[in-house]
Amino acid sequence: MTRRRRRWAPRATLGLPDFLNWRDVTPPIDEELRFHIEARAEQLRKQGWSADEARIEAARRFGDLDGHVRACQATERRRRRRGRMAVHMESFWQDARFALRAYRRQPGFTGIVVLTLALGIGATTALFSVTDGVLLRSLPYPEADRLVQVAHFHSEPEAQLAPGAFSWPDFEDVERGVTRFRHIAAYTPLTRNLVGDGSPRRLSMTLGTADFFAALGRQPLLGRTFDRNDAEAGVDDLVVLSHDLWVDRFGADPDVLGRRVELSGSSVMIIGVMPEDFRFPSSDIEAWMPMTRMTEDMTPRFRGLRWQVAFGRLDDDETVETAGAQVDVILEALAEQHPDSNEGWTHAEIVPLKDTIVGDVKNAVLLLFVATGLVLLIACANVANLLLARLVTRDRELAVRVALGASRGRLVRQGLIESVMLALAGGAVGMLVAWLGVNILTSVSAGTLPRVEDIGLDWRTAGFAFLASLVTGVLFGLAPALSSDAPPGDALRDGRSATGGGRNRLRGALVVGEVALSAMLVIAAGLMLRSFWTIMNVDPGFDTDNTIAVALSIPPDRLESTDQTNQYRQELLDALGAIPGVESVGSSKNPPLAGGGEPFGFELRDERGSVEVTPGSGVQFVTTGFFETLGIPIVSGRAFARGDPGLFVVVNQTLATKHWPNEDAIGKRLYLGDNEIEIIGVVADIRHEGIEGGTDGVVYAQSEVFRRSSVILYARTETASGAFTQLAREAIWSVNPDQPIASVEALSEQLTRDVARPRFFTLLVVLFAGVALTLSVLGIYGVISYSVGRRTAEIGVRMALGATHAGVVRMVLADAMPLLAAGLAAGLVGAFWLSRLFAGLLYGVSPRDPATYVAVTAVLFTTAVLASLVPAARASRLSPVDALRSE
Amino acid sequence: MLILKTLGWGPKHGFEILRHIEEVTGERLQVEEGALYPALHRMHRKGWLDAEWGVSENNRRARFYRLSEAGRSELGRQVSEWSRLIRVISMVLAETPA
């Protein structure tokens, strides 16, 4: 038995609980028990026992020594396990309090870091809420994943005016034949004038078939929706209001049910009001009406006119494949029965409804989300750099703690606690940024994003921000924390860190990462800009300057005969033309850029037989003066003249070249059914399908012959048309005070709106790229200044030995170059990967456009070199004496 | 309970606790002495006792136990429990057949 003569101060005076010393506890238990036996033996000896006998008696009285030691050890181990947990919690709070104190002492540093993180986390969170609302969240219908769109295609790809649309009779046959859908329905848009009860209003409406509401599975807020019973009873004078219309027009009056209103001349009964979040098929729809069922005699005429969009709810256990196969069978049977209209129209394509709603913005939203994620990563790298720099000033503190026995794990943990605290603070401020960002995004993106109404901050977003903060904190905290394993001796001996080498490598890696990430973003931004520039330079084919467009629907009491309609339209045009300063007027059924051509098939008969002429962009109905007012050049022949309504058409250049490549189209005859139609003119192409759409064949027919209620009136003025819109309204109302006007706007505004989406996405990507570039330039500057700072003495020695200024600058740049080069190389590879995501967003530019890559690389490289040149130049201006003194 | 009561008078190491109990009870309570230690460690784990190493009266290193706050209230609880038990038992015993 060892006898320790050393005096032991009671531990309590050290202020440490004894379990901190748990490693050497086993001997003390043994020692404690043996002390007892010895003390007993001592006592017995004093009572007159011999030493040996006393020892034996003491041991006997004590009993099973080993057993008791083991029992004590078991208790002790259990106690310590719990003790360590408590120690962890205790030291966790200790670290947190310590970090908080440290940050309070450095408000500047803390502020910059928190702000950087807040921007990064905030932007990412804002974009997450957009992604969540638009892409992730399911549509607001029960079991929305069972809802699909059913599209009808020709077996060979063929130009179709409304891609995937069904004709009315085809849909009814499909509806009767399918069994694999619980419900299937179709709809078609229309506009109606609501008159009475205040100013006339043009409503965007949807006509739905019997199961329209049943398939969607939503209950009305008030009253009922139309259903199969109405359809079978032949009742179609019903209307269901949207929540917005109900509030705006009917003051949210619960008694509207059963009331009759006038919709474009027919009386319909209000039977229900839908909840606020019901916006199908799009958010601008204000009311729904049942579609009138076909009568037998209408069927043949309508079978070839495809403009109904079909959707349905799959039955349980059915998939898009099984349902699609069934629809295909029905369509094939229809093609055999009706070869005239249906030959080749045998293919159905079934896709989840959500995909069709968000389809074309999916990539754009994902790209933006990735972009903000990259910005956040760059922000992380910058903060990590700041923390590393700050760590240098804390080398002594850390070394002292290591020397006092703090374990490496403990220091790493403290580093992480500090960084996670910073990140959480950044995340909290970031929620504010996100709130702002979401508000700005949703207001700016109006009309460019679907499902805008589903975007908003909520618990999911907050959860995302929290997770993003945690991950961010660990990300930017890990590097500095792991690099803090300084051997205490080095750091204590002199003020400088001997571990700077390792840390410098780490900072170098961070710079490479930053440059790479911002190169990706800047290239994406460059491509988007180029694409946008191309779009802006597309010639729409018509003059947008000083031309205004008035959109309206001719009321039914002026649609009773072609003559009456023509006269009314002409009165409106004359009223517009009478406004002083108006040079010419004209009208068309559809606004330019908005498509809407009607699907007519013509026949071309000549000595070789009969050829079908199907204008890809359909038939557009225009009046005299249309081409002149919009400034569309006549290539050959003539435009429609006033007073010659007849079976004449004008075709565009594309159609003329396609069918008569080597001869003049003028005077050629087309047949529509048995009607002979003469081509009297060829005009230049305009972009009917929007700026980004191509140009396809168009046949222009006279509005005077084909009566339609939708009308766009154009007036071309001598000067800018700003103040002209009110005059135009007054002119219309002077003819008919009850005429609702949908909109009056300059054609240039329509053009602007047409490019709103590319502009919106381009703007955001450029913004993010700008932030990324700024952050990484700051990062490069920071790292180079830091390494110059550390080498001040060395630079002094070199200059004292005759190094030139240029030599010093070169030396510093030589340090920076490999980092920049590596970063750019990685960035180019990353951009190639990213380009797949936004190939669909680009117009007229390849996602691998070499010019953009080269230009962006040059810009980035120059910026980066400039960022490192500043500290290099400063180093070269040092006087050798000062530099050496800084040691 | 006896151990807690003993420590109520001040910190002691194991042998002193045993001696104290022996003296108070006049060595009437004969137990295996070693069994005291697992008991002490259990009470330490439960937080009733604080333990620290110190120097014994004969200048040797010994582990001293002291009643903690939790231990003091535990003692109070056990004493009142015990008194109640005694009272109940006395009441039963006092009920002699008349």
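About the thresholds
Residues numbered from 1 in each chain as written. Chains lettered and ligands numbered in written order. Predicted model: local features only at pLDDT ≥ 70, side-chain atom pairs only at ≥ 80, totals over all residues. Heavy atoms only, no water. Helix = DSSP H or I, 4+ residues; strand = E, 2+ residues; numbered from the N terminus. Buried < 20%, exposed > 50% of the residue type's maximum accessible area, 1.4 Å probe, protein only. Contact = heavy atoms within 4.5 Å. Areas by Shrake-Rupley, 256 points an atom, 1.4 Å probe, with all protein chains shown as cover. Salt bridge = Lys/Arg side-chain N within 4 Å of Asp/Glu carboxyl O. Buried area = accessible area lost by both parts, 1.4 Å probe. Core = buried A, V, L, I, M, F, W, Y, C linked by side-chain atoms within 4.5 Å. Polar contact = N/O pair within 3.5 Å; in protein donor to acceptor, adjacent residues only side chain to side chain. pLDDT = per-residue confidence, 0-100. Pairing = 2+ DSSP bridges. Patch = residues over 30% accessible without salt bridge, like charges linked within 9 Å, V, L, I, M, F, W, Y side chains within 5 Å. Lys, Arg positive; Asp, Glu negative; His and termini not counted. Charge placed at Lys NZ, Arg CZ, Asp CG, Glu CD. Axes fitted to C-alpha atoms, helices over the stretch in contact; angles between N-to-C directions. Parallel < 35°, antiparallel > 145°, perpendicular 65-115°, else oblique. Left-handed = near helix turned anticlockwise from the far one by under 90°. Nonpolar A, V, L, I, M, F, W, Y, C, P; charged D, E, K, R; others polar.

S.K.: Tell me about the overall build of chain B, and name the residues and values.
M.R.: In terms of regular secondary structure, chain B is built from 4 helices and 3 strands. Ordered by position from N to C terminus, the α and β elements of chain B give α-β-α-α-β-β-α. Per-residue burial over chain B gives 42% buried out of 98 residues. The contacts in chain B between residues at least 6 apart in sequence include a share of 43% that link residues at least 24 apart. Put simply, chain B shows about 5900 Å² of open surface, and 57% of that area lies on carbon and sulfur atoms.

S.K.: For the pattern of salt bridges, give the residues involved together with the corresponding values.
M.R.: Enumeration over the complete set of coordinates arrives at 24 salt bridges over all chains. Taking the shortest distance from any N to any O, the salt bridge between R84 of chain B and E81 of chain B comes out at 3.9 Å. On the criterion of helical spacing, the pair formed by R84 of chain B and E81 of chain B is a turn pair, its members being 3 residues apart in helix α4 (residues 69-94). Among the residues examined, R84 of chain B registers a relative accessible area of 46% and is labelled partly exposed. We classify E81 of chain B as partly exposed; its relative accessible area is 41%. Members of the salt-bridge network, linked through shared partners, are E57, R60 and R61 of chain A.

S.K.: Break down the interface of chain B and chain A for me, citing the residues and quoting the values.
M.R.: If you look at the interface, chain B gives 29 residues, while chain A gives 32 residues. Here chain B meets chain A over a buried area of about 2900 Å², counting both sides, of which 54% is carbon and sulfur. For the chain B face of the interface with chain A, the top three residues by lost area are R45, W53 and R61 of chain B, together amounting to 26%. Inspection of the region where chain B meets chain A yields 1 salt bridge. Of the charged contacts, one joins E32 of chain A and R63 of chain B as a salt bridge, the two residues approaching to 3.8 Å between their closest N and O atoms. Residue assignment for the side of chain B that touches chain A shows that the elements contributing at least two residues are α2 (14-25), α3 (36-45), β2 (49-55) and β3 (61-67) of chain B. With 6 residues, the top contributor of residues to the side of chain B that touches chain A is α3 of chain B.

S.K.: I'd like a rundown of the nonpolar core, residues and numbers included.
M.R.: Side chains of nonpolar character tend, in soluble globular proteins, to be buried together. V130, L449, F761, F768, I780 and F838 of chain A are the most contacted members of the largest nonpolar core, which has 72 residues in total. Mapped by element, the contributors of at least two residues to this core are α4 (107-136), α13 (362-393), α15 (408-444), α18 (500-536), α24 (756-790), α25 (792-800), α26 (805-838) and α27 (850-876) of chain A. Counting 28 residues, the second-largest nonpolar core is a separate cluster that includes A41 and L44 of chain A together with L36 and L75 of chain B.

S.K.: Quick one: what's the story with the side chain of D230 of chain A, residue by residue and with numbers?
M.R.: Residue and element names in this part refer to chain A. Here D230 is to be found in helix α7 (residues 228-233). The exposure class assigned to D230 is buried, which follows from its relative accessible area of 8%. A distance of 3.0 Å separates a polar atom in the side chain of D230 from a polar atom in the side chain of R224. With residues near it in sequence (within four places) discarded, D230 still touches R224, T225, V235 and L238.

S.K.: Provide a residue-level description of the confidence of the model for chain A, including the pertinent values.
M.R.: When pLDDT is low, close inspection of the predicted coordinates is not appropriate. Residues and elements named next belong to chain A. For chain A, mean pLDDT is 81; residues scoring 70 or higher make up 89% of the total. Low pLDDT (under 50) marks residues 1-25, which in the prediction has 23 contacts with non-local residues, meaning those over four places away or in another chain. Low confidence marks residues 493-499, where pLDDT is under 50. Its contacts with residues over four positions away, or in another chain, come to 12 contacts.

S.K.: Hey, could you go over the sheet that holds β2 of chain B for me, with residue numbers and the actual values?
M.R.: Residue and element names in this part refer to chain B. The strand order across the open sheet built from 3 strands is β1-β3-β2, with neighbouring strands paired in antiparallel fashion. Unpaired on one side and paired on the other, β1 (12-13) and β2 mark the two borders of the sheet. Of the strand pairs in this sheet, β2 and β3 are connected by 7 bridges, and their pairing is antiparallel. Bridge assignment links L49 to a residue of β3, and that residue is L67.

S.K.: Run through the side chain of R63 of chain B, naming residues and quoting values.
M.R.: Here R63 of chain B lies in strand β3. A distance of 3.0 Å separates a polar atom in the side chain of R63 of chain B from a polar atom in the side chain of Y65 of chain B.

S.K.: Tell me about a positive patch on the surface, residues and numbers included.
M.R.: A contiguous patch of positive charge, built from R77, R78 and R81 of chain A together with R42 and K46 of chain B, is present on the exposed surface. Of all the elements, helix α3 (residues 65-105) of chain A adds the most residues to the positive patch, at 3 residues. Within the secondary structure, K46 of chain B sits in the loop between α3 and β2.

S.K.: Can you lay out the environment of T191 of chain A for me, pointing to particular residues and giving the numbers?
M.R.: Residues and elements named next belong to chain A. Among the structural elements, T191 can be located in strand β3 (residues 181-195). For the pair T191 and M205, spaced 14 residues apart in sequence, the C-alpha separation works out to 5.5 Å. Beyond its immediate stretch of four places on either side in the chain, T191 contacts R202, L203, S204, S553 and S710.

S.K.: Lay out the packing of helix α19 (residues 562-577) of chain A against helix α22 (residues 724-735) of chain A in plain terms, naming residues and giving numbers.
M.R.: All names here are of chain A. With their axes 9 Å apart at the nearest point, α19 and α22 run at an angle of 140° to one another. Our classification of the angle between α19 and α22 gives oblique. With respect to the hand of their crossing, α19 and α22 are arranged in right-handed fashion. For the pair α19 and α22, the contacting residues are Y568, E571, L572, A575 and L576 in the first and A728, A731, I732, S734 and V735 in the second. A breakdown of the residues in the contact of α19 with α22 according to their chemical character gives 8 nonpolar, 1 polar and 1 charged.

S.K.: So what's going on with the packing of helix α5 (residues 168-177) of chain A against helix α10 (residues 320-337) of chain A? Which residues, and what values?
M.R.: Residues and elements named next belong to chain A. With their axes 10 Å apart at the nearest point, α5 and α10 run at an angle of 130° to one another. Classified by the angle their axes make, α5 and α10 are oblique. Handedness of the α5/α10 crossing: right-handed. Together, D170, D173, V174 and G177 of α5 and Q326, V327, I330, L331 and L334 of α10 make up the contact between the two elements. Classifying every residue of the contact of α5 with α10 gives 5 nonpolar, 2 polar and 2 charged.

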